[in-house]
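Fold and geometry: a report
Here are the chains, one letter per residue:
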Amino acid sequence: MKKLNKDYLMRFIISFLILLIMIMVTYAINKSSVLRSAGIKTGLIDLSNWDIDSEIFTLDGEWRFYPEILCGNQTISEAPRYVNVPESLGYSKDYNVNTAEYGTYEAQFKLKTPGQYMLCIPYISSAYRLYVNNEYIGGVGHVATNKEEEEGFLKPSNYLINADSTDLNIKVEISNFTCIKGGITEDIYFGTVNNIYKYTTNKNINDILMVGILIGFGVFPLLIISKYNKGRSGYYFAGFCIASAVFAFLINHNIGGIHFVCLPIKFIVKAEFTAFIVMLIFIYAFIKNVYPSGIKKDISNCLIYIDILYLILIFISNKKKMLNIVGNSYSVILLINAIFCIYIIVRAMPKKKIYALFSFTGIIAFLILGGLEIIALEMGGSIRFYLKDNFYNLGLLIFVLCHINIFLMDIDQAYLNASYADKMEISFLHAQIAPHFLFNTLNNLYVLMEMDLEKARKLLINLSDFLKVKYRFNYKDFDEYSLLDEVDFLKSYTAIENLRRGDKIRLSFDFEGVNVSSIKGETDILTKKMWFAKVKFQPMILQPLVENAIRHGYKSELLEIMIHVSRAGEYLDFLIEDNGAGMPEFKVKMLNRSNSHGVGIPNINYRLSKYCDEKLIFESEEQKGTRIRFRYRMEEV
């Protein structure tokens, strides 16, 4: 248990360091470029005081918007409306703008000096065309005035702008027939070529780092899934991490655009929502598996049906209205799943306090930081943090770190339970042998009481010594039982047998040249200082072998049984040999194939295989005796 507590502390420290490193890297990357809000008012912005060498502007604020007009290469005479950037046209307070399926954005710049600049458009969720001073610069997809001709793609792009004067006019034509959100819904960046390239490269590094961490956390459980927990929680957690990585890959368009250059926006939108709902399904399955008694089955099934229904809705949504329903419902679905998960965790707290505390911390951190990112995005230029675009990532990282610790604790607990089960199983096997020997001894005692009271008295004394050694240890914990204890145990047992067989059994021990046959291990101080006195040993490994040698090898003559023990690296090599009756070849083969139908030999083989993946090896010839070898892993008491 102390080792487990140390493991928990070490994992907590490692998790904290990972989170700290991620925050520091994110902060350093974002701080490497100074972002300033342009704060556009009525489509006008004055950048004459711009620090060109270090600053990048986010072109947020009040842009002019001309609904139902596509005239980017000409001067527009019609009175504009004003919309916030970044913001979806679907959320605009202006009714006429809200219903516009296409239109033109416009902003007028006053620059400090003419020169070469760059405009970075990470993502516009519509087809668009870009014009600078009425000259076409580039675009993505095919802008049209009807949904049949419109064709939108996802493609983050950087556009080189040569400004011949300090006056700069930028127009963005957009059509929005198929996407959930129309218009400029994310920040557009303006700066020098070097600064924009540096900023986009740093953003790519930051996003790739987050996706890489999620993939790593997804693969990790698959590599260490324990057979004791049947792998379910590991598979669920791995599925959640991989789905989260895919979702992060899709929503972080800096890296998503590298691979999805020409995929339709509708496909990307569906892929985003699919990854999102798969994340929720996997994490709910994980939490339900960790806290199986935390929720009633009917309620659990209800949430599963809701999530599956939402997933089906994503696949069948081909029209803009249906996609709008899906898009506007995702926050509700997230909230419902969060409530269910928190409910399960709170119910499980009395039984699994540490697990539940990790889960609760992870979910609350994820919800708070995710909410902060939504607020930051909705408030646009009025809120600027170095971590503004990474609140969601950091919340997700905290959530994942909390639950990877739960997964590892679950593995530890499963392993601990399995270890307890093994010890209980071995204890049961010990109990199988004990009555067999005890009944035989009591029967002998009964006979001797009528024939020889003195021998009966000696038998009782030896039986007392035998039982004193046998029952002084705890069957569930063999850490205090040594090889020297087993020697004393065998001496008492042989003394009992000699009372029946007229002292015709001689048991001796050779531990690397040390003959302990005549030493009383419990009383001899020198013996207790020998190496074998410190070796941990499972009780009743040797006793059944000695018992079999006596029962099957005794021939009314002197039976000599020698036990040799030698060290071989991390193992002990045992050899038990006798000069008894021996065995025929077919029986030796049967024993070596572990086909014995008795209790003792299968019991020993099973325990040896569990402890050190070894088994007994028999050699024997009729009338010449038997030799038994095995190897035992050496540990100190």
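The coordinates are above.
Model, not experiment: these values are computed from the prediction. (Residues numbered from 1 in each chain as written. Predicted model: local features only at pLDDT ≥ 70, side-chain atom pairs only at ≥ 80, totals over all residues. Heavy atoms only, no water.)

Hydrogen bonds along the backbone pair up the strands of a sheet, which may run parallel or antiparallel. What the six strands build is an open sheet, ordered 14-13-15-16-18-17; its pairing is mixed. Among the strands making up the open sheet, the edge pair consists of strand 14 (514–515) and strand 17 (617–621). As paired strands, strand 13 (residues 505–511) and strand 14 are joined by two bridges and run antiparallel to one another. Each bridged residue has a counterpart across the sheet, and for D510 the counterpart in strand 14 is N515. (Pairing = 2+ DSSP bridges. Helix = DSSP H or I, 4+ residues; strand = E, 2+ residues; numbered from the N terminus.)

Residue placement: S359 occurs in helix 9 (residues 353–379). Excluding residues that lie within four positions of it along the chain, S359 makes contacts with Y291, I345, H403 and I406. (Contact = heavy atoms within 4.5 Å.)

So, about the pattern of salt bridges. Inspection of the entire model under this criterion finds 16 salt bridges. Across the salt bridge formed by E106 and K171, the nearest N and O atoms sit 3.9 Å from each other. Here E106, found in strand 6 (residues 102–111), pairs with K171, found in strand 11 (residues 167–175); they are 65 residues apart in sequence, far enough to count as distant. Given the relative accessible area of 7%, E106 is considered buried. Between R629 and E619 there is a salt bridge, with the nearest N and O atoms lying 3.4 Å from each other. (Salt bridge = Lys/Arg side-chain N within 4 Å of Asp/Glu carboxyl O. Buried < 20%, exposed > 50% of the residue type's maximum accessible area, 1.4 Å probe, protein only.)

It is worth spelling out unusual backbone geometry at this point. P86 follows V85 through a cis peptide bond whose omega is 0 degrees. Position of P86 relative to the elements: it lies in the loop between strand 5 (81–85) and helix 2 (95–98).

So, on to the nonpolar core. Of all hydrophobic cores here, the largest spans 63 residues; its most connected members are I287 and Y291. Mapped by element, the contributors of at least two residues to this core are helix 1 (2–31), helix 3 (193–224), helix 4 (232–251), helix 6 (265–290), helix 7 (297–316), helix 8 (320–348), helix 9 and helix 10 (391–451). In terms of residue count, helix 10 provides more of this core than any other element does, 16 residues in total. The residues contacting I287, other than those within four sequence positions of it, are C341, I344, I345, I363 and H403. (Core = buried A, V, L, I, M, F, W, Y, C linked by side-chain atoms within 4.5 Å.)

Here the focus is helix 6. Taking 1.5 Å per residue as the helical rise, helix 6 with its 26 residues ought to reach 38 Å, and the 38 Å between its terminal C-alpha atoms agrees with that figure. Within helix 6, 19 of the 26 residues are buried, which leaves it mostly tucked inside the rest of the structure. (Expected span 1.5 Å × (residues − 1).)

This part is about the packing of aromatic side chains. If you walk through the whole model with that rule in mind, you get 18 aromatic pairs. Ring centres of Y117 and F190 lie 5.5 Å apart, and the angle between their planes is 25 degrees; this geometry places the pair in the stacked category. In this pair, Y117 is assigned in strand 7 (residues 115–121) and F190 in strand 12 (residues 189–191), connecting sequence segments 73 residues apart. Given the relative accessible area of 2%, Y117 is considered buried. Take F190: its relative accessible area is 0%, and that puts it in the buried class. Ring centres of F247 and F276 lie 6.1 Å apart, and the angle between their planes is 45 degrees; this geometry places the pair in the tilted category. (Phe/Tyr/Trp six-rings, centres within 6.5 Å; stacked < 30°, edge-to-face > 60°.)

On to the pairing of strand 16 (residues 571–578). Sheet analysis places strand 15 (residues 559–568) next to strand 16, joined by eight bridges and oriented antiparallel. When the bridges of strand 16 are listed, A568 appears paired with Y571. With eight bridges connecting them, strand 16 and strand 18 (residues 625–633) associate as antiparallel partners. Counterpart to L572 in the pairing with strand 18 is Y632.

What follows covers the pairing of strand 3 (residues 55–58). Burial of strand 3 is two-sided: the residues E55 and F57 facing one way and the residues I56 and T58 facing the other way are all buried. In this sheet, strand 12 lies alongside strand 3 in antiparallel orientation, the contact comprising two bridges. Bridged to F57 within strand 12 is F190.

Along the chain, T200 falls in helix 3. In terms of polar contacts, T200 uses its side chain to reach the backbone carbonyl oxygen of Y197, at 3.1 Å. Here T200 is in contact with C120 and N158, once residues within four sequence places are set aside. (Polar contact = N/O pair within 3.5 Å; in protein donor to acceptor, adjacent residues only side chain to side chain.)

All right, on to the packing of helix 12 (residues 483–501) against helix 14 (residues 543–553) then. Two elements in contact, helix 12 and helix 14, have axes whose closest approach is 10 Å; the angle formed by their N-to-C orientations is 20 degrees. Judged on the interaxial angle alone, helix 14 and helix 12 are roughly parallel. In terms of crossing hand, the pair formed by helix 12 and helix 14 is right-handed. From helix 12, E486, F489, L490, Y493, T494, E497 and R501 reach across to helix 14, where they touch Q543, V546, E547 and I550. Of the residues belonging to the contact of helix 12 with helix 14, the class tally is five nonpolar, two polar and four charged. (Axes fitted to C-alpha atoms, helices over the stretch in contact; angles between N-to-C directions. Parallel < 35°, antiparallel > 145°, perpendicular 65-115°, else oblique. Left-handed = near helix turned anticlockwise from the far one by under 90°. Nonpolar A, V, L, I, M, F, W, Y, C, P; charged D, E, K, R; others polar.)

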